[in-house]
Amino acid sequence: MSMPENKIKTEKDSFDLLSIAIVKKFVKSSWYPGIFQWIVIFVFSIIVFELVVGTVNPSKNLGTTMTWVLWWPIIPILFTIAGRFWCAVCPFGKLSDIIRKTIGANRPMPKFLKKYGIWLIDLFFIAITYSDHVWGIVESPRGSGYLLLLLVTMVVATSVFYERRTFCKTLCFLGGLAGNYSRSGAVQIKATPEICKTCKVQSCYRGTEKVEGCPMFQFPRTMESSAECNICGNCVKNCPNNSVKITTRIPTKELWGLKNPKIEHASLAAVIMGIVFVQNITMLEPWQDILNAIGMVTGTSSYNVNFTVAFIIAMAIPIFLLIGTAKLASFFGMKGTVKKNFTRFGYAIIPLDLAAHLGHNLFHIFTEGKAIWYNSIGLFGIESNPASLSLASISTVQMIQYLIITIGWIGTTFVVYKMSNTASFKAILPYYVLMFLLAVVNIYFFSLPMSHRV
């Protein structure tokens, strides 16, 4: 017997979106998320076609501009507003569903992937970022197209053999980024413990004849994080007791009281900051001077060799800064081991990661955004040669970037404060200093003239 919905307890700072009748009806229908999935698949197909057979000029190729000028900047915004909703409508996820339901063997996920999946995701994310700079994927429509086709091949291969969305959970390069960023998201799926403890069917996880169980192997009753929840709505459809809710929450709230922080997630948070540094530095005038300086040490002028050194250093700097800060905080009285504090406070970088990533990508969408329109009408044979692709002046873009970094720094600082519990100000101070330093470095980079990549 289901419990009356008006008796379901809700947190004071949250609002259940399913309390809106039309929203609940839509989420429980077959239209959600299907209608979004098919729209995205249609657009995705056009993008891949353009990347593979369209013009090799990246500034004129619709696939390039849609992927790197529009989609990539929008992703962090979407993660902040709606958690991993993108993963619910992603064409790779839908492709996986279709293959598993038609020819899939639905074998259990391999133990190796269960244990090391997050490390593989981190590795693939780093590898793709690295390959972009070494082989110029962003500047090459063909490179971007082949990358997407490679990912499609991986989706097909894993879906033929394994159950649910094994690729999405353990191999998707975007998974680690999505998982970390969605922890700061303003939307979450949450079950009502008082109702779930009396449930015998567990259809939210197991699924029903009409709708499969959670594709990401999550059990809403025990789910404490949004990092692996796609907000696909399957658990909402399958729950016979109206226990599952889609609620709003204060952004970053999940980070305040993590019960089981993991070093791989904290390390990725630090590495993402380093990767953003690389993305910014390679667009600045001093970049060639940096490569020359590294070349004097390596003894070679090879771009690939010297960039590799710069890439490793950039990723290592935030890691070592975080380790040093954890040691300093422990010296000043922070409870816990250095490893424990590194892991816990590493998550605090996530809001600033989001801001830095967004600030960097907004440069592209604001200074190259008109290319989306001109390349779209180009599909219909309408030629255009605009004098500028910019949507705003550089000074305006920089002010927006400064504002975003400031908001991210405030968010990160507040997370540090909430994580610290009863720790003294002296013990917390090293983390405040680190977050301020990272924010200042990002603002400094954004204050310098940047070159376009597309």
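Keep in mind the model is a prediction, meaning the values are calculated, not measured. (Residues numbered from 1 in each chain as written. Predicted model: local features only at pLDDT ≥ 70, side-chain atom pairs only at ≥ 80, totals over all residues. Heavy atoms only, no water.)

**A few points about the overall build of the chain**
Assigned secondary structure in the chain consists of 21 helices and two strands. Here the C-alpha radius of gyration of the chain, 23 Å, is about what a compact globule of 454 residues would show, namely 22 Å. Seen through its C-alpha atoms, the chain measures out along the principal axes to roughly 70 × 65 × 40 Å. Put simply, the chain has 454 residues, and 54% of those count as buried. If you take every contact in the chain between residues at least 6 apart in sequence, the share linking residues at least 24 apart comes to 81%. Placing the 41 positive and 22 negative side-chain charges of the chain at their respective mean positions leaves the two points 11 Å apart. (Helix = DSSP H or I, 4+ residues; strand = E, 2+ residues; numbered from the N terminus. Rg over C-alpha atoms; globule rule 2.2 N^0.38 Å. Buried < 20%, exposed > 50% of the residue type's maximum accessible area, 1.4 Å probe, protein only. Contact = heavy atoms within 4.5 Å. Lys, Arg positive; Asp, Glu negative; His and termini not counted. Charge placed at Lys NZ, Arg CZ, Asp CG, Glu CD.)

**Quick look at the packing of aromatic side chains**
If you walk through the whole model with that rule in mind, you get 28 aromatic pairs. An angle of 40° between the planes, with centres 6.0 Å apart, marks the rings of Phe425 and Tyr432 as tilted. On the accessibility criterion, Phe425 (55% relative accessible area) is exposed. Relative to Phe445, the ring of Tyr444 lies with its centre 6.2 Å away and its plane at 45°, an arrangement referred to as tilted. Since its relative accessible area comes to 12%, Phe445 is described here as buried. Three or more aromatic residues link up through ring pairs in this structure, and these residues are Tyr130, Trp287, Tyr303, Phe307 and Phe311. Cation over ring: Arg164 sits above Tyr205, and NZ or CZ is 4.4 Å from the ring centre. The ring of Phe217 carries the charged tip of Arg164 above its face, separated from the ring centre by 5.8 Å. (Phe/Tyr/Trp six-rings, centres within 6.5 Å; stacked < 30°, edge-to-face > 60°. Lys NZ or Arg CZ within 6 Å of the ring centre and 35° of its normal.)

**Some points on unusual backbone geometry**
With an omega of -5°, the peptide bond between Tyr32 and Pro33 qualifies as cis. Looking at the element boundaries, Pro33 is found in the loop between α1 (21–28) and α2 (34–53). Its identity as a non-glycine residue notwithstanding, Gln202 has a phi of 50°, on the positive side. Counting through the fold element by element, Gln202 comes out in the loop between α10 (193–196) and α11 (203–206). Exposure remark for Gln202: the relative accessible area of 28% places this residue in the partly exposed category.

**Structural notes on a nonpolar patch on the surface**
Together, Phe26, Trp31, Ile35, Phe36, Ile39, Phe42, Val43, Ile46, Leu379, Phe380 and Ile382 line one region of the surface with nonpolar side chains, adding up to about 1,100 Å² of accessible area. Examining the composition of the nonpolar patch, we find that six residues originate from one element, α2, more than from any other. On the secondary structure map, Ile39 appears in helix α2. Looking at Ile39, the relative accessible area reads 49%, which means it is partly exposed. (Patch = residues over 30% accessible without salt bridge, like charges linked within 9 Å, V, L, I, M, F, W, Y side chains within 5 Å. Areas by Shrake-Rupley, 256 points an atom, 1.4 Å probe, with all protein chains shown as cover. Salt bridge = Lys/Arg side-chain N within 4 Å of Asp/Glu carboxyl O.)

**Observations regarding the packing of helix α14 (residues 263–281) against helix α16 (residues 303–331)**
For the pair α14 and α16, the least separation of the axes is 8 Å and the interaxial angle reads 135°. By the criterion of interaxial angle, the relationship of α14 to α16 is oblique. In the crossing of α14 with α16, the sense of the turn from one axis to the other is right-handed. Along the contact surface, α14 presents Ser267, Ala270, Val271, Met273, Gly274, Ile275, Phe277 and Val278, while α16 presents Phe307, Phe311, Ala314, Met315, Pro318, Ile319 and Leu322. Here the residues of the contact of α14 with α16 sort into 13 nonpolar, two polar and no charged. (Axes fitted to C-alpha atoms, helices over the stretch in contact; angles between N-to-C directions. Parallel < 35°, antiparallel > 145°, perpendicular 65-115°, else oblique. Left-handed = near helix turned anticlockwise from the far one by under 90°. Nonpolar A, V, L, I, M, F, W, Y, C, P; charged D, E, K, R; others polar.)

**Points about the nonpolar core**
Among the nonpolar cores identified, the biggest contains 121 residues, and Trp86, Phe125, Leu174, Ile189, Ile246, Val416 and Tyr431 are the most heavily contacted of them. Top element by residues in this core is α14. It accounts for twelve residues. Setting aside its immediate chain neighbours within four residues, Val416 contacts Phe345, Ala348, Ile428, Tyr431, Tyr432 and Met435. (Core = buried A, V, L, I, M, F, W, Y, C linked by side-chain atoms within 4.5 Å.)

**Points about the environment of Phe26**
Locating Phe26 in the fold gives a position in helix α1. Sequence separation between Phe26 and Met296 is 270 residues, and the spatial gap between their C-alpha atoms is 62 Å. Setting aside chain neighbours within four positions, we find Phe26 in contact with Trp31, Tyr32, Ile35 and Phe36.

**Let's talk about the confidence of the model for the chain**
One rule of thumb: low pLDDT means the predicted coordinates there are not for detailed reading. Here the chain averages 91 in pLDDT, while 96% of its residues score no lower than 70. This model gives residues 1–10 a pLDDT under 50, and the stretch forms 14 contacts once residues within four places in sequence are excluded. (pLDDT = per-residue confidence, 0-100.)

**Examining the environment of Pro220**
Tracing the backbone through its elements, the reader meets Pro220 in the loop between α11 and α12 (234–238). Judged by its relative accessible area of 6%, Pro220 falls in the buried class. Pro220 sits 173 residues away from Ile47 along the chain, and the two C-alpha atoms are 35 Å apart. Residues in contact with Pro220, not counting those within four places in the same chain, are Ala191, Cys204, Cys235 and Val244.

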